[in-house]
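# An overview of the molecular structure
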Amino acid sequence: MNSQLSHNATPFSPKKFPIVVLCDSLHSPANIGALFRVCEAFGVEEILFYNCVLNIESNRLLRTSRNTHQKMAYREVTDLASEVARLKSKSYTFIGLEITQNSVPLETLSLPKSSKTVLCIGGERHGISEDLLNHTTVTTHITMYGENSSMNVIQAAAIALFSLTKL
C-alpha cells in the first residue's frame, strides 16, 4: 500500500541555504502567503519585501502560508540601495528572475557551490523594476514552451529555488 505521509513522517531533514529572496512590488496576499510557504519549504534564509503591500494579518495570506510566516525570517526594506550595498558587502550574488535581453536559461546558470544568493523576484504586473534590475549580477529566465511568456511569480520562484538548491 502506498499512503500519503503526514508532515511529521516525511523523510526530509531541515536545511538552510544562503539564499535571500528579495521581492519587488509584490501585492497579492495569496502570492505573499504562497511565497512564505515555498521559501520555508526550500530552506531560504530570509525574505525581503521592497515596495510590497505586506498585510501579515490578511486572512488570504494566513490561509495560503499555512503558518510558515511564523517560521520564516522576513522584513520590509525601505531603502533598496542601502540593502543591496549591505548584502553585496557580505558577498551575495544578485540574480534577477526575469526575461531580459541578456538573461540566461535557469538550467544553464552556474554558481559556486558555496555561493550566497539573492533571488530577486518582481511583482505580479510588471516584474522586477529597472532600479532593482540594475543591481543584479545576472538575470535568468525559465525556459517555457507555450505561447505565454510569463507565469505566476510564485510558481516561477518555486522553480528557481528548486534549481538553486540543487546546484
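Structural notes, computed from the coordinates. Only a predicted model underlies this, so the values are computations on that prediction, with no experimental measurement involved.

The rules behind the values
Residues numbered from 1 in each chain as written. Predicted model: local features only at pLDDT ≥ 70, side-chain atom pairs only at ≥ 80, totals over all residues. Heavy atoms only, no water. Salt bridge = Lys/Arg side-chain N within 4 Å of Asp/Glu carboxyl O. 1 Å grid on protein atoms, 1.4 Å probe; cavity = no way out; pocket = protein on both sides within 12 Å on 5 of 7 lines; lining within 4 Å. Points joined across faces, edges and corners; volume = space filled by probe spheres on them. Helix = DSSP H or I, 4+ residues; strand = E, 2+ residues; numbered from the N terminus. Nonpolar A, V, L, I, M, F, W, Y, C, P; charged D, E, K, R; others polar.

### Here we look at the pattern of salt bridges
Following the criterion strictly, the structure yields 3 salt bridges and no others. The network of salt bridges with shared partners includes Glu46, Arg75, Glu83 and Arg86.

### As for the layout of surface pockets
As a volume, the largest pocket reaches approximately 810 Å³. Lining of the largest pocket is provided by 20 residues; of these, Thr10, Phe12, Glu40, Ala41 and Phe42 occupy positions nearest its centre. Ranked by residues supplied to the lining of the largest pocket, first place goes to helix H1 (residues 29-41) with 3 residues. Taken together, the residues of the lining of the largest pocket sort by class into 6 nonpolar, 7 polar and 7 charged. Empty space within the second largest pocket amounts to approximately 370 Å³. Among the secondary structure elements, those contributing two or more residues to the lining of the second largest pocket are strand E7 (138-141) and helix H5 (153-164). By residue class, the composition of the lining of the second largest pocket is 9 nonpolar, 9 polar and 3 charged.

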